[in-house]
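# Coordinate analysis (summary)
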There are 2 protein chains.
Amino acid sequence: MNTPAEVRAAIRAGAFDGPTAALAPGFTQANLVVLPEADAFDFLRFCVANPRPCPVLEVLDPGAVEPVFSAPGADLRTDVPRYLIHRDGEVVDEVASVSWRPDLVAFLIGCSFTFERALLAAGLPVRHIEQGVNVPMYRTAVACRPAGRFSGPLVVSMRPMTPSDAIRATQITSRYPGVHGAPVHVGDPSVLGIASLGSPQYGDPVEIRDGEVPVFWACGVTPQAVAAASRPELMITHAPGHMFVTDVPDESLAIG
Amino acid sequence: MNTPAEVRAAIRAGAFDGPTAALAPGFTQANLVVLPEADAFDFLRFCVANPRPCPVLEVLDPGAVEPVFSAPGADLRTDVPRYLIHRDGEVVDEVASVSWRPDLVAFLIGCSFTFERALLAAGLPVRHIEQGVNVPMYRTAVACRPAGRFSGPLVVSMRPMTPSDAIRATQITSRYPGVHGAPVHVGDPSVLGIASLGSPQYGDPVEIRDGEVPVFWACGVTPQAVAAASRPELMITHAPGHMFVTDVPDESLAIG
């Protein structure tokens, strides 16, 4: 189960339903957002206005379930390990597959797994991988730029590093604007309105060692926090960590 | 007439209606596309699928004429020197101001003027500026990725350089993905389906000197070629070279 197509086939067959980190190494994984067409233009405007948390990899035609650009042959109804169903901004169900309607529009949004591989390749620490837990994610007091009916807070992920490693990580992730790009903040978490690094709103806390500072990146879970704030009638997403595996090579997203 | 607001005020007052190159140095200029809301979602999907020719700077609310992000206080009905009215894909009028409807959606798209300043600052030649003419632009045989009702050819701009200058220009423009980014091609124009460098479809031909190669960048005139191919009932654009001047500093678009 090493190629993207093999991973998706195993998920589709019900043989795998776990987190996708480290699967199909070298290929981009994506956040999923599905909305009725009536909300889709507002949401795409929201993504374009907030490219750091919501870098768009692909938008499907209304009703379509096959991402012809990023994963030809895949089926977004079955090929994500776990889906969350949000109604009026609340998660009402977690399921292994979803039914579709002709008016549903699917958005695939870049994921930090791509730049984490580049950080590891450069010898930089990625603490949540070292500790075998999910990355810590925090709902901030920073408002995204609103667009139409969508507004809400920026969600960030955090990786602790020494200042010199943070500088190198800034250089490396700057090459990947399609998967959140450079950090949005380094240092004092209260600047972002984060009260406690030990209590992330999503994922798990990680150890911060002497001499390390927290480094924050915009996070693809932002649309889920925006759903909670903006209360669309229906939104379908992946469950955090349970991503859609595409055929897009990580390196094709690098610039510079 | 040096600040963006002063340039826009002069245009609005009818005191200036020429090309905007070199006005308000240091501030980003933008390509304008206006479409009815019924076509707006398809067009934004087209832009997201083709970020090299169509890097989106701002999308306004339906009916809105003030770009609150990139130029607060401006008015898109009056602040562009010349507008083209396209009906069914044909240019039917060129005007100094436009009326608006509640269903019109305005898109501002990044312009190569931003990266040309960076090239000049690095001592690289920008031949059309040296010669005092408009940049040569070519309709290629390369198809953009279609989205909904929009499809059509990629348009590119061309700047001749020595190979070593082309390498440096690639580095520099890679830092500006929001204004077309790195070149799409260097060398043989027939690879792009361009028959004659001396006969650009838009703009003016420029001299190519011994030892120079043509360097091609994706161009913000692409939506006008896409309109000709896709024939939307109504599209309003700027006239080539007569751009919308924003308050966004060029350097705020640089990464890395």
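Provided above is the structure to which this section pertains.
The following paragraphs examine the structure supplied in this document.

### Comments concerning the packing of aromatic side chains
Residue and element names in this part refer to chain A. Following the criterion strictly, the structure yields 11 aromatic pairs over all chains and no others. Pairing Phe 43 with Phe 107 gives two aromatic rings, centres 4.9 Å apart and planes at 75°, and the pair type is edge-to-face. Of the two residues, Phe 43 sits in helix α2 (residues 37-49) while Phe 107 sits in strand β5 (residues 104-110), which places them 64 residues apart along the sequence. Under the relative-accessibility criterion, Phe 43 is labelled buried at 0%.

### Here's the deal with the sheet that holds strand β6 (residues 137-143) of chain B
Within a sheet, each strand pairs with its neighbour through backbone hydrogen bonds, oriented either parallel or antiparallel. Residues and elements named next belong to chain B. Read across the open sheet, the 4 strands follow the order β6-β7-β9-β8; overall the sheet is antiparallel. Either end of the sheet is taken by a strand with one partner, and the two such strands are β6 and β8 (185-186). The pairing of β6 with strand β7 (residues 153-161) spans 4 bridges and is classified as antiparallel. Looking across to β7, one finds that Tyr 138 is bridged to Val 156. Against the sheet, helix α6 (residues 222-230) engages β6 and β7, with an angle of about 145° to β7.

### Observations concerning the nonpolar core
A:Phe43, A:Phe107, B:Phe43 and B:Phe107 are the most contacted members of the largest nonpolar core, which totals 60 residues. Excluding anything up to four places from it in sequence, B:Phe43 contacts B:Val33, B:Leu35, B:Phe107, B:Ile109, B:Phe150 and B:Pro223.

### Things to note about the packing of α2(A) against helix α2 (residues 37-49) of chain B
Relative orientation of the contacting elements α2(A) and α2(B) amounts to 35°, with a least axis distance of 10 Å. In this structure, α2(A) meets α2(B) at a crossing whose hand is left-handed. Here A:Ala40, A:Phe41, A:Leu44, A:Arg45 and A:Val48 of α2(A) lie close against α2(B), whose contacting residues are B:Ala40, B:Phe41, B:Leu44, B:Arg45 and B:Val48. Here the contact of α2(A) with α2(B) is composed, by residue class, of 8 nonpolar, no polar and 2 charged.

### Side note on the relation of the copies chain A and chain B
After a rotation of 180° and a shift along the axis of 0.0 Å, chain A superposes on chain B with an RMSD of 0.0 Å. The operation mapping one copy onto its partner corresponds to a two-fold rotation axis. Measuring from the rotation axis to each C-alpha of chain A, the shortest distance belongs to A:Phe41, at 2.6 Å. The share of interface residues of chain A whose copies in chain B are also at the interface is 100%, consistent with both copies meeting through the same surface.

### Some thoughts on the interface of chain A and chain B
With 19 residues of chain A at the interface, the matching set in chain B holds 19 residues. Around 1,500 Å² of area is buried between chain A and chain B when both sides are counted, 69% of it from carbon and sulfur atoms. Joining chain A to chain B, the criterion identifies 2 salt bridges. Residues A:Asp61 and B:Arg45 are paired through a salt bridge, measuring 2.1 Å at the closest nitrogen-oxygen approach. Our count for the chain A to chain B interface comes out at 2 residue pairs in polar contact (both at pLDDT 80 or more). Secondary-structure elements contributing two or more residues to the side of chain A that touches chain B are α2 and β2 (56-59) of chain A. With 5 residues, the single largest contributor to the side of chain A that touches chain B is α2(A).

### What to know about the side chain of A:Glu58
Mapped onto the elements of the fold, A:Glu58 is located in strand β2. Among buried charged residues, A:Glu58 stands out as having no salt bridge; its nearest opposite-charge side chain is B:Arg145, 4.6 Å away. Within the structure, A:Glu58 has its side chain in polar contact with the backbone nitrogen of A:Phe69 (distance 3.0 Å). If sequence neighbours within four positions are ignored, A:Glu58 has contacts with A:Pro67, A:Val68, A:Phe69, A:Ser70, A:Ala106, A:Phe107, A:Leu108 and B:Arg145.

### A closer look at the pattern of salt bridges
This model, assessed by the stated rule, comprises 36 salt bridges over all chains. With its nearest N and O atoms 3.0 Å apart, the salt bridge here joins A:Arg45 to A:Asp42. Of this pair, A:Arg45 and A:Asp42 are both found in helix α2, 3 residues apart, which corresponds to roughly one turn of the helix. Judged on exposure class, the residue A:Arg45 and its partner A:Asp42 are both buried. Between B:Glu212 and B:Arg127 there is a salt bridge, and its shortest N-O distance comes to 2.7 Å. One end of the pair, B:Glu212, is in the loop between β8 and β9 (213-218); the other, B:Arg127, is in helix α4 (residues 127-131), and 85 residues separate them in sequence.

### Quick notes on the packing of helix α3 (residues 113-121) of chain B against helix α5 (residues 163-174) of chain B
Residues and elements named next belong to chain B. Between α3 and α5, the shortest axis-to-axis distance is 10 Å and the interhelical angle comes to 130°. In terms of their interaxial angle, α3 and α5 are classed as oblique. Crossing handedness for the pair α3 and α5: right-handed. Judged by residue contacts, Phe 115, Ala 118 and Leu 119 of α3 engage Ala 169, Ile 172 and Thr 173 from α5.

### Describing the sheet that holds strand β6 (residues 137-143) of chain A
All names here are of chain A. Sheet architecture is open: 4 strands sit in the order β6-β7-β9-β8, paired in antiparallel fashion. The two strands at the open ends of the sheet, each matched to only one other strand, are β6 and β8 (185-186). Examined bridge by bridge, strand β7 (residues 153-161) and strand β9 (residues 213-218) share 6 bridges and lie antiparallel to one another. Bridging from a neighbouring strand, Val 156 pairs with Ala 218 of β9. Helix-sheet contacts for helix α6 (residues 222-230) involve β6 and β7, and the interaxial angle to β7 is about 145°.

The rules behind each value
- Residues numbered from 1 in each chain as written.
- Chains lettered and ligands numbered in written order.
- Predicted model: local features only at pLDDT ≥ 70, side-chain atom pairs only at ≥ 80, totals over all residues.
- Heavy atoms only, no water.
- Phe/Tyr/Trp six-rings, centres within 6.5 Å; stacked < 30°, edge-to-face > 60°.
- Helix = DSSP H or I, 4+ residues; strand = E, 2+ residues; numbered from the N terminus.
- Buried < 20%, exposed > 50% of the residue type's maximum accessible area, 1.4 Å probe, protein only.
- Pairing = 2+ DSSP bridges.
- Contact = heavy atoms within 4.5 Å.
- Axes fitted to C-alpha atoms, helices over the stretch in contact; angles between N-to-C directions.
- Core = buried A, V, L, I, M, F, W, Y, C linked by side-chain atoms within 4.5 Å.
- Left-handed = near helix turned anticlockwise from the far one by under 90°.
- Nonpolar A, V, L, I, M, F, W, Y, C, P; charged D, E, K, R; others polar.
- Least-squares fit on C-alpha atoms with pLDDT ≥ 70 in both.
- Buried area = accessible area lost by both parts, 1.4 Å probe.
- Salt bridge = Lys/Arg side-chain N within 4 Å of Asp/Glu carboxyl O.
- Polar contact = N/O pair within 3.5 Å; in protein donor to acceptor, adjacent residues only side chain to side chain.
- Lys, Arg positive; Asp, Glu negative; His and termini not counted.
- Parallel < 35°, antiparallel > 145°, perpendicular 65-115°, else oblique.

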